[in-house]
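# Analysis of the macromolecular model
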Amino acid sequence: MDDSTIRALDEVRRSSTWRGRLRRWFTPPAPLVMNPEEWRIDAPLGRWNLYIGGAAARPQGYVNLDLFPLPGVDLAADAEFLPFAVPLFQRIECDAVLEHVARPDAIVGELSRVLLPGGYLHLVTPFAHPFHEYPRDYRRFTLDGLRLLGETAGLVAVKEGWRTGPTATLLVFVLEYAKLWSPKWLRAAVHAVLGWVLFPLRYLDHLLFRKPGVRQLGNHCYVWLQKPSAVQRLGDEKPPLD
Ligand SMILES: C[S@@+](CC[C@H](N)C(=O)[O-])C[C@H]1O[C@@H](n2cnc3c(N)ncnc32)[C@H](O)[C@@H]1O
């Protein structure tokens, strides 16, 4: 597998040359707003927490595991074969990773295995989003599909919804479409101009997040899953029939 795309992105983000700085200066704001509802949950960090695929993100309070040994990565490994023998983690973040892996069900099974009873797994995936390789791009998820992945691994969904909405979808596709028509030398400029003109529309998603129809066109969805504790499992058992 090739990590050149990820390395190139990391270099652009961190470059201190005048070209790198100029590029960051003209980069328009992201064409999306995040749904604040996603983080209204009581899922505290524990002594050990795991972040999957955080290359270049440097998440605080987590062991950062990625396929590639990039800056900020604590452990280079494939999340399908986690190098932990027993459950260790109170909270696991797996944000925008499952679309890039060959067997998402195997990875969620592994994440469930290393999660402590009572601990939380937070999954985020794109639904309507352009092709993007890190280092591959295999699929998209509906919210129902994402929840099913977690439930199949023995976890209980405790909260779910849309991180980024239909307007984000519209804007990211317009920007990608415009790139298709632009010669390579003009692409960055077209992206910058359109990005600056269109980004104020992103706030419309605050009006759309609560509508049921958001699932038709939402951009990224999330689900919070909890691993049942032994006590919960006993409590869930059906009472014996008379
Ligand atoms: C789209 S990025 C995730 C971005 C990240 N959530 C952030 O906020 O910066 C996907 C990441 O998943 C990593 N990745 C892909 N397949 C993986 C695997 N099988 N195991 C571990 N990490 C993987 C990639 O190397 C990449 O860094």
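Because the structure is predicted, anything quoted here is derived from the model rather than measured. (Residues numbered from 1 in each chain as written. Predicted model: local features only at pLDDT ≥ 70, side-chain atom pairs only at ≥ 80, totals over all residues. Heavy atoms only, no water.)

What the protein contains, in helices and strands, is nine helices and seven strands. Going through the 242 residues of the protein one by one, you find that 45% of them count as buried. Counted over contacts in the protein with a minimum sequence separation of 6, partners at least 24 positions apart contribute 76%. Accessible surface for the protein amounts to roughly 14000 Å². Of this, 62% is attributable to carbon and sulfur atoms. (Helix = DSSP H or I, 4+ residues; strand = E, 2+ residues; numbered from the N terminus. Buried < 20%, exposed > 50% of the residue type's maximum accessible area, 1.4 Å probe, protein only. Contact = heavy atoms within 4.5 Å. Areas by Shrake-Rupley, 256 points an atom, 1.4 Å probe, with all protein chains shown as cover.)

As a further point, take helix 4 (residues 143-152). Helical geometry note: an α-helix holds 3.6 residues per turn, so side chains three or four residues apart project in the same direction. Turning to helix 4, its buried residues are L143, L146, L149 and G150. Seen from one end, helix 4 has its buried residues packed into an arc of 125°, which puts them on one side. For helix 4, the exposed residues lying more than 90 degrees away from the buried face are L148 and T152. At its buried positions, helix 4 is contacted by helix 3 (104-114), strand 5 (115-126), strand 6 (156-164) and strand 7 (220-226). Count one or two residues on from helix 4 and you reach G154, which has phi positive near 90°. (Arc of directions from axis to C-beta.)

Moving on, we come to the nonpolar core. Counting residues in each nonpolar core, the largest one holds 33 residues, and the members touching the most others are L50, I52, L82, I92, L98, L121 and L123. Looking at this core, the elements that each hand over two or more residues are strand 1 (49-52), strand 2 (63-66), strand 4 (89-95), helix 3, strand 5, helix 4 and strand 7. Per-element accounting of this core gives the leading share, four residues, to helix 3. Apart from residues no more than four positions distant in its own chain, L50 is found in contact with Y62, V63, L65, L82, F84, F89, R91, I92, E93 and V114. A43, V124, Y222 and W224 belong to the second-largest nonpolar core, a separate cluster that totals five residues. (Core = buried A, V, L, I, M, F, W, Y, C linked by side-chain atoms within 4.5 Å.)

Near the ligand lie 17 residues; those nearest to it are D66, D78, A79, D95 and A96. The backbone of L67 places a nitrogen or oxygen atom 3.3 Å from a nitrogen atom of the ligand. Residue classes in the shell around the ligand are distributed as 12 nonpolar, two polar and three charged. (Near = heavy atom within 4 Å. Polar contact = N/O pair within 3.5 Å; in protein donor to acceptor, adjacent residues only side chain to side chain. Nonpolar A, V, L, I, M, F, W, Y, C, P; charged D, E, K, R; others polar.)

To continue, consider helix 6 (residues 184-198). Across its 15 residues, helix 6 extends 21 Å between first and last C-alpha, which sits within 8% of the 21 Å expected from 1.5 Å per residue. Along helix 6, the positions that sit buried rather than exposed are A192, G195 and L198. The inward-facing, buried residues of helix 6 abut helix 2 (18-26) and helix 5 (166-181). (Expected span 1.5 Å × (residues − 1).)

Counted by the stated rule, this structure contains 11 salt bridges. A salt bridge links K179 to E176, with the nearest nitrogen and oxygen atoms 3.2 Å apart. Taken together, the residues K179 and E176, both in helix 5 and three residues apart, mark about one turn of the helix. Relative accessible area serves as the criterion here: at 26%, K179 is assigned to the partly exposed category. With relative accessibility at 32%, the residue E176 sits in the partly exposed group. Each of E37, R40 and K159 takes part in one network of salt bridges that share partners. (Salt bridge = Lys/Arg side-chain N within 4 Å of Asp/Glu carboxyl O.)

Attention now moves to the pairing of strand 2. Of the two faces of strand 2, the one lined by V63 and L65 and the one lined by N64 and D66 are each fully buried. As paired strands, strand 1 and strand 2 are joined by three bridges and run parallel to one another. By the bridge assignment for strand 2, I52 is matched with L65. With two bridges joining them, strand 2 and strand 3 (residues 75-76) adopt parallel strand pairing. Note that in strand 3 the partner of L65 across the bridge is L75. (Pairing = 2+ DSSP bridges.)

So, on to the side chain of H132. Here H132 lies in the loop between strand 5 and helix 4. At 3.3 Å, the side chain of H132 forms a polar contact with the side chain of E99. A polar contact of 3.4 Å, which involves the side chain of H132, links it to the side chain of H100. Not counting residues up to four positions away in its chain, the partners in contact with H132 are E99, H100, P126, D137 and R140.

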